[in-house]
Amino acid sequence: MKQAGSKNLFSINNRLKRLKRDTNKWAILTLVLLGFIALPVISIGIKLFSGPGETWGHILENLLLDYIGNSLFLVFMCGFMVVFLGVSTSWLVTRFEFPFRKQLEWLLILPLAIPSYIVAYSYAGILDYGGSLELILRVFGLEFSRIDIMNKTGLAFVLGISLFPYVYVSSRAFFLNQANNLMEASKMLGVGEIKSFFKLILPLARPAIVAGLILVLMEVLNDYGAARYFGVNTFTTGIFRSWFSLAEPETAVYLSALLISIVFGLILLEKFQRRKIQFSNNRSGSAGIQRRTVSKGLQCVISCAVWLPVLLGFLIPVAQLIYWGWLTYDNVFSSSFLILSFQSFGIAFLTALITVTVAIALIYFSKWSRSNSLKNIAKLGVLGYAIPGAVVAIGIMIPTIFIDTWLIKIVEALFQIQPGLIISGTLIALIYAYVVRFLAVAFNPIEATALKVSDSIPDSSRILGVGNIKTFFKIDFPLIKTGILSAFILVFTDVIKELPLTLILKPFQVNTLAVKAYEYASDEMVMKAAIPSLLIILTVMLPIIFLNRLLVK
Amino acid sequence: MKQLIFLIALLGFSACKNNTEKTGSSSQEQANVVNVYTHRHYSSDQELFDLFEKNTGIQVNVINASADELIQKMKIEGAHSPADVLITVDAGRLTRAKELNLLQPVNSELLKKTIAPHLRDPEDYWFGLTKRARILVYAKDRMEEANLSTYEDLAGEKWKGKILIRSSGNIYNQSLLASLIVNNGEAGAKKWAQAIVNNMARAPKGNDRDQVKALVAGEGEVAVVNTYYIGNMLNSESPEEVKAAKAIGVFFPNQKGRGAHINISGAGVARYAPNRENAIHLIEFLISREAQEIFANTNYEYPVNPEVQPAALLQSWGEFREDSLLLSKLGENNKNAVMIFDEAGWK
Amino acid sequence: MLQIELLSKSFDKGKNFALKDVSFHLKQGDICAIVGESGSGKTTLARLIAGLETPDQGSIRIDGNMVSSTGRLVPPEKRKVGLVFQDYALFPHLSLMQNVVYGISKDKNKNERAEEILKLVGLKELKDRYPYELSGGQQQRVALARALAPNPSLLILDEPFSNLDSMLRMQLRNEIFEIVKNTEVTAIFVTHDTQDALAVADEILILQNGRLIQKDEAANLYTKPKSIYVASLFGNTIQLSSELQSAFKCPLKEDCCAAVRNENFAINTECEHVTHARVLKKTFLGPDTRLLLRLENGQQLTVLTKDKIVEDGIIIGFNSTDVLQFTS
């Protein structure tokens, strides 16, 4: 009897029975949410089946090698640069005491406040003929020899210097929590500072570093503005070229699919590598950081090393923008900028709120569904970050217009009036697109903090008779709110800076600072873009400084 | 504090929302609005839209993006697209929009009378608003104007390592090559593109202004740029740009033959325009004397209205012969041009 | 009160079973211990009863209500089960009082009830403290108070003492089960430590590799273990291999396996089965001394003895009543 029972325990029939039993509202809600997130990707992905466009062969023959070569070059150069800058600076500020350390801690995050295409414009402006550098050198009577930044190495530099804070933030979080104990243990074993760092800290910090690195690489692969201005052909410029210049969405989709598989490959590679070494997570916080005080000379060296990226990634570009802003202030600035800033802020705020909510819902619904496969599938929700903004925008339009046509028919039949488009062309579509695009930015920090809460804590709440939702608000939420807040601020920052998607989907009358900056810059009025750019930086700076205080605490 | 921020955001959102609802509902009532999808983002345009609003009471709603993206948007929006007018900065994109069935013909005597036939669609689907010529510039202190003659001449050996021109992703270059395809055939155009790539002073990068600055700094001997950028540079806020622009000479090529390559910035009425009449009004307004004066003087473009004189600066460059090629041909050959660029290795 | 039938759970779709065909019943007010090594499935069993895992097969009834079967699953919050986690799982952002009130927030006189239960565990004075301000033993008692507050029909304690040092552990164990017994709740106590189980439980379940090996009263488990594994849970047990059987002249039936508990070996006393042995090595272990012996027939044997002084040559043996026999 018993034997018979267990033999077909995993027969299709029994599995279906259990599936029916275990299918709860959480599983369904997770799938519904995922469906919404995946809808734009799917509506574009369908085009994969219709075969590549007629120019696919042309691209394969003339351009693909260039795209792959340049994109990989950027991935490796930027990857190397952001890891080097991010890890070294975070290590220095967590391990050593030196003048202005506290200020540098948040200054190091600020490069994130400047959109990378703006950094590209300002560097080009500095190093240009008649640029700021030449003017300064002239004052000192020095000869100007031009440094050409408008090539792929220059692009890698610009992207690296404006994106390294992602790695800085994630590795610093690890160092703040773990490094002290580990270093003490290592030193007890008679291993020196430098060797301990490379042998012990670096391998252990790898997951944290890689988490930041993956965000950087997705941004790098996604960059359009800077690459185009510098004349570097990458996958993303190629996607734009085939979609728009050659009017072949099919080919663009093929390129996007290739791009996504590169990103996916990178993620899998990392996962596979990491699987070999499982680190147990030391959950108890460390007993405060003890920073080393070193000799004045060494302090000087450390200060220089930390100031340099701040200077290159933030102060210099901002100085250039201020100079341009000063030149163009009279012609450009008007009170309408206040409304513009207000709108940007409102949209970013709302989007961040929704994105964070969706990320939380996805993480917790899949967890509550108690299905492991769902938990893994939920992670796919973050892939939108790998898709270029313009492609996401088109992907959003296809289904929303479809729904709209349908809605319009209903409204027409019911009320005999002709409504315009209902969803597309409104803020709903725009925010929907932002959510799809930036879910990863919210997902990762929230998931990371959620993992630090032992499962038994929400479990005991359930056992005490409190349902999932109430448990979340009473127990999980207070415990993960730092993660939620950082997610919120990161999304907010990204939305304020976002460009291609906003351009395509923004409703009439709505405008953002980034769009305004682009309108000037795209028509070779780079200098005039300075004022809106400075406003972007200002809007983003305060939340970032706040974020820093949150993370250090 | 948190509540306050939230409240502000909420208010901001509801304000935006009200706006969109207003436009959404008003468009169906055929109220006084006109929805413009435009690639032009010049201050002159905003000035003109404001003026139009003041004159007619018709509210102008604007979406700014690249023409390619706007065309995709209209294509997907289909019959329910709110777009009334599509404005681009080249004829090629308008032709594409027409081919994709996104525009409708407009029967307006005023438009036909004012705009020269080669500057508008033969079937009246779109109309030029302003002209710009793609010309050659050189450093006055280093070179004689006499060295320059035609676009075709740039392919010659003597220009090796001396030509400055931006990347092939740029629509002005694509249109220039399209005009060469029409005039010299595909094979000739391809040979030309390859020769230019060989003659380039550096890999293509930056925008037209950057080419001028590189020219003045001595990186090359001749640069290919659009006329209105020179005008804008001469009136730039940056003293360095003004200095650079003053150091160069302007040359209109092919004057002994077909004339300098020109392109237009133009407009068409969307196929499903909910406010068709207003759309036509707007286009007619944009070619009126009043409007053309503003185009000419704030953005240094050549007016299409023959009654209006170009800006004084442009007049100082003298009259020139312009290629009278039907501009719709540029659109027909655009894709071809892009592919030739790729094959020639023009980045 | 609790009825479990044929419960099975696999985490890898049937390749390995964390729990396989486990069935047993508990009566109202029973205190039952589930004993097993780590990986034996005892925690899985506890989580299945609490509703934190979904079984692949089998059913669970609590108070006559079907809470888990192939077709039906009652969520944990509706099962009226109390669970004390191994890591206590106190809500770190809530005070003791708030922790205890948490599960009874709908009650009218929740505060009285919470204070009463905190008094029961002797922590009433600390009610406004936060969990991180407490010692491990205090946290343990809060976890118990919190679990008891809603009057669960069944209380599960999952390895509640594993995080405590051994001195505290004994004291706390007795305290805790004093409280549990006074509340008359049916309790399941999951542990890897047989001593703990013996000390508090009326009945003990032995789990090995996901299977229920034996369920019995403590005394019966000791005298009539069903396998050598069960026997060895109560202390060092020496299996009688055929060599040992011949050394002690104690032949057994072929298909049967036998063992003798260490404490039943007697040195230099009258026994039914004896043999001469040489002491090869003595290790002092406090109350016991470990002897490595070579028997007459050359076999080596390690035994523990309370005797402090042992000569080099001894006689060692046991009585046949002490031989535990299992069908293999």
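Quantities reported herein were computed from a predicted structural model and do not represent experimental measurements.

1. Quick notes on the overall build of chain A
Each helix and strand in chain A was counted, giving 24 helices and two strands. Its C-alpha radius of gyration of 25 Å places chain A within 12% of the 24 Å reference for a compact globule of 553 residues. Dimensions of chain A, computed from the C-alpha atoms along their principal axes, are close to 95 × 75 × 50 Å. Here chain A holds 553 residues, and the buried ones make up 52% of them. Considering only residue pairs separated by 6 or more positions, chain A has 83% of its internal contacts joining residues 24 or more positions apart.

2. Describing the interface of chain C and chain A
Tallying the contact residues gives 29 residues for chain C and 24 residues for chain A. Of all the secondary structure elements, the ones that give two or more residues to the side of chain C that touches chain A are strand 1 (2-9), strand 2 (19-26) and strand 6 (81-84) of chain C. Of the residues forming the side of chain C that touches chain A, the biggest block, three residues, is contributed by strand 6 of chain C. Taken together, the residues that form the side of chain C that touches chain A break down as 13 nonpolar, nine polar and seven charged.

3. Regarding the sheet that holds strand 13 (residues 266-267) of chain C
Residue and element names in this part refer to chain C. Taken in spatial order, the five strands make up an open sheet running 13-17-14-15-16, and their pairing is antiparallel. For this open sheet the edge positions go to strand 13 and strand 16 (300-305), each flanked by a neighbour on one side alone. Strand direction decides the pairing type here: strand 15 (residues 288-295) and strand 16, joined by six bridges, are antiparallel. Looking at strand 16, one finds that L292 is bridged to T302.

4. A look at helix 15 (residues 296-332) of chain A
With 37 residues, helix 15 of chain A should reach 54 Å at 1.5 Å per residue; the first-to-last C-alpha distance of 47 Å falls well below that figure. Bending of helix 15 of chain A peaks at approximately 50 degrees at the position of L311(A).

5. Quick notes on the interface of chain B and chain A
At the interface, 54 residues of chain B touch 61 residues of chain A. Of all the secondary-structure elements, those providing two or more residues to the side of chain B that touches chain A are helix 1 (2-28), strand 2 (59-64), helix 3 (67-77), helix 7 (208-216), helix 9 (239-246) and helix 14 (334-344) of chain B. For the side of chain B that touches chain A, the element with the most residues is helix 1 of chain B, which contributes 11 residues.

6. Description of the arrangement of the chains
Comparison of the two pairs of chains in contact shows the highest number of contacts for chains A and B. Contact between chain B and chain C is absent, and the least distance between their C-alpha atoms amounts to 21 Å.

7. Digging into the confidence of the model for chain A
All names here are of chain A. For chain A, per-residue confidence averages 82 on the pLDDT scale, and 93% of positions sit at 70 or higher. Across chain A, the secondary-structure element scoring lowest on mean pLDDT is helix 1 (residues 2-7), at 46, and the one scoring highest is helix 9 (residues 152-163), at 93. Counting contacts from residues 277-287, a segment whose pLDDT is below 50, to residues more than four positions away or on other chains yields eight contacts.

Procedures and definitions
Position numbers for residues count from 1 along each chain, tracking the sequence in the order it is written. As they are written, the chains are lettered A onward and the ligands numbered 1 onward, keeping that order. Local features in this predicted model are restricted to residues of pLDDT 70 or higher, and side-chain atom pairs are both shown and tallied only at a pLDDT of 80 or more, whereas totals for entire chains, interfaces and linings draw on every residue. Numbering of helices and strands runs from the N terminus, with a helix taken as a DSSP run of H or I at least four residues long and a strand as a DSSP run of E at least two residues long. C-alpha atoms define the radius of gyration in this analysis, and the globule rule sets the expected value at 2.2 Å times the number of residues to the power 0.38. Buried means a residue has 20 or more other C-beta atoms within 10 Å of its own C-beta, exposed means 12 or fewer, and partly exposed covers the counts in between; C-beta atoms are placed from the backbone. Distance between backbone-placed C-beta atoms decides contact: two residues are in contact if it is within 7 Å. Lys, Arg, Asp and Glu make up the charged group, whereas Ala, Val, Leu, Ile, Met, Phe, Trp, Tyr, Cys and Pro make up the nonpolar group; the residues left over, Gly among them, are polar. DSSP-based pairing: two strands are paired if at least 2 bridges between them are found. Each residue after the first adds 1.5 Å to the expected span of a helix. One fitted axis covers the seven residues ending at a residue, a second covers the seven starting there, and the bend at that residue is the angle between these axes. Scored from 0 to 100, pLDDT records how confident the predictor is in each individual residue.

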